[in-house]
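What follows is each chain in one-letter form.
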Amino acid sequence: DIQMTQSPSSLSASVGDRVTITCRASQSISTYLNWYQQKPGKAPDLLMSAAFSLQSGVPSRFSGSGSGTDFTLTIGSLQPEDVATYYCQQSYSTPFTFGPGTKVVI
Amino acid sequence: EVQLVQSGAEVKKPGESLKISCKGSGYSFSTYWIGWVRQMPGKGLEWMGIIYPGDSNIRYSPSFQGQVTISADKSISTAYLQWSSLKASDTAMYYCARHLTPNNIVDAFDIWGQGTMVTVSS
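I will try to describe carefully the structure that is included in this document. (Residues numbered from 1 in each chain as written. Chains lettered and ligands numbered in written order. Predicted model: local features only at pLDDT ≥ 70, side-chain atom pairs only at ≥ 80, totals over all residues. Heavy atoms only, no water.)

### Re the environment of B:Pro53
All names here are of chain B.
Then, in step 1: The residue Pro 53 is located in the loop between β5 (45-52) and β6 (57-60) in this model.
Then, in step 2: Residue classification places Pro 53 among the buried positions, given a relative accessible area of 3%.
Then, in step 3: Measuring from C-alpha to C-alpha, the distance between Pro 53 and Ile 70 comes to 11 Å, with 17 residues separating the pair along the chain.
Then, in step 4: When near neighbours in sequence (up to four residues on either side) are disregarded, Pro 53 contacts Phe 29, Ser 30, Tyr 32, Ala 72 and Lys 74. (Helix = DSSP H or I, 4+ residues; strand = E, 2+ residues; numbered from the N terminus. Buried < 20%, exposed > 50% of the residue type's maximum accessible area, 1.4 Å probe, protein only. Contact = heavy atoms within 4.5 Å.)

### As for the interface of chain A and chain B
Then, in step 1: Each partner contributes residues to the interface: chain A has 19 residues there, and chain B has 22 residues.
Then, in step 2: For chain A, the biggest contributors to the area lost against chain B are A:Pro44, A:Phe96 and A:Phe98; these three give 32% of the whole.
Then, in step 3: At the boundary of chain A and chain B, one finds zero salt bridges.
Then, in step 4: The interface formed by chain A and chain B contains four residue pairs in polar contact (both at pLDDT 80 or more).
Then, in step 5: Counting residues per element, the ones that place at least two in the side of chain A that touches chain B are β4 (33-38), β5 (45-49) and β9 (84-90) of chain A.
Then, in step 6: No other element matches β4(A), which puts three residues into the side of chain A that touches chain B. (Buried area = accessible area lost by both parts, 1.4 Å probe. Salt bridge = Lys/Arg side-chain N within 4 Å of Asp/Glu carboxyl O. Polar contact = N/O pair within 3.5 Å; in protein donor to acceptor, adjacent residues only side chain to side chain.)

### Quick word on the packing of aromatic side chains
Residue and element names in this part refer to chain B.
Then, in step 1: Inspection of every chain in the model, using the stated rule, returns 11 aromatic pairs over all chains.
Then, in step 2: Their ring planes at 70° and their centres at 4.9 Å tell us that Trp 83 and Tyr 94 sit as a pair that is edge-to-face. Highlighted residues: Trp 83 in strand β8 (residues 78-83) and Tyr 94 in strand β9 (residues 92-99), separated in sequence by 11 residues.
Then, in step 3: Judged by its relative accessible area of 3%, Trp 83 is buried.
Then, in step 4: Classification of Tyr 94 by relative accessible area gives buried; the value is 1%. (Phe/Tyr/Trp six-rings, centres within 6.5 Å; stacked < 30°, edge-to-face > 60°.)

Listed below in structure tokens is the structure:
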């Protein structure tokens, strides 16, 4: 199985801050990397697929980059509604493993 | 509207069997892979497996192979997750989710069900 790690596991930032979350795969996954946002008590929402393809309706302050083993999710200007846990997931080979998550608080 | 609607919360005893469901609507159910994701209380997301309803091709995570059974009935646009003998450690929220593009196994989950909470307790 491909192992996914994320850092940090949690972070606290202020409204308007630029926030970066890192995801690393245990082997190269090209750009088969997805990002999800999960708010408390809710199902996850897909933010980004294929490393940097923003889903329809997702604010443009969210961006993704990376390829191979190292990826980042950036929130350009943190907003109160961005409080959530963010997960990366590889879809290169089954099982399509998730990272452990990064909790973002304000 | 494209949506997945899951069956309601379940409370079971250890050793009992269970089958939960996920009904798709608003799209061609047979042509999109659907998966199941476990989230134990206070924990992260775990990919359990996926099924292609068109031909019932299934891929399991090794962590869940033999522990659960994934199936689908394309005639009623419904996917299933079942257990033959539940354990207390199966207590979790279970989500079904659909792949983003048709016929594509290497893909993200773009549509999620609301989740089914399964509680196993004696």
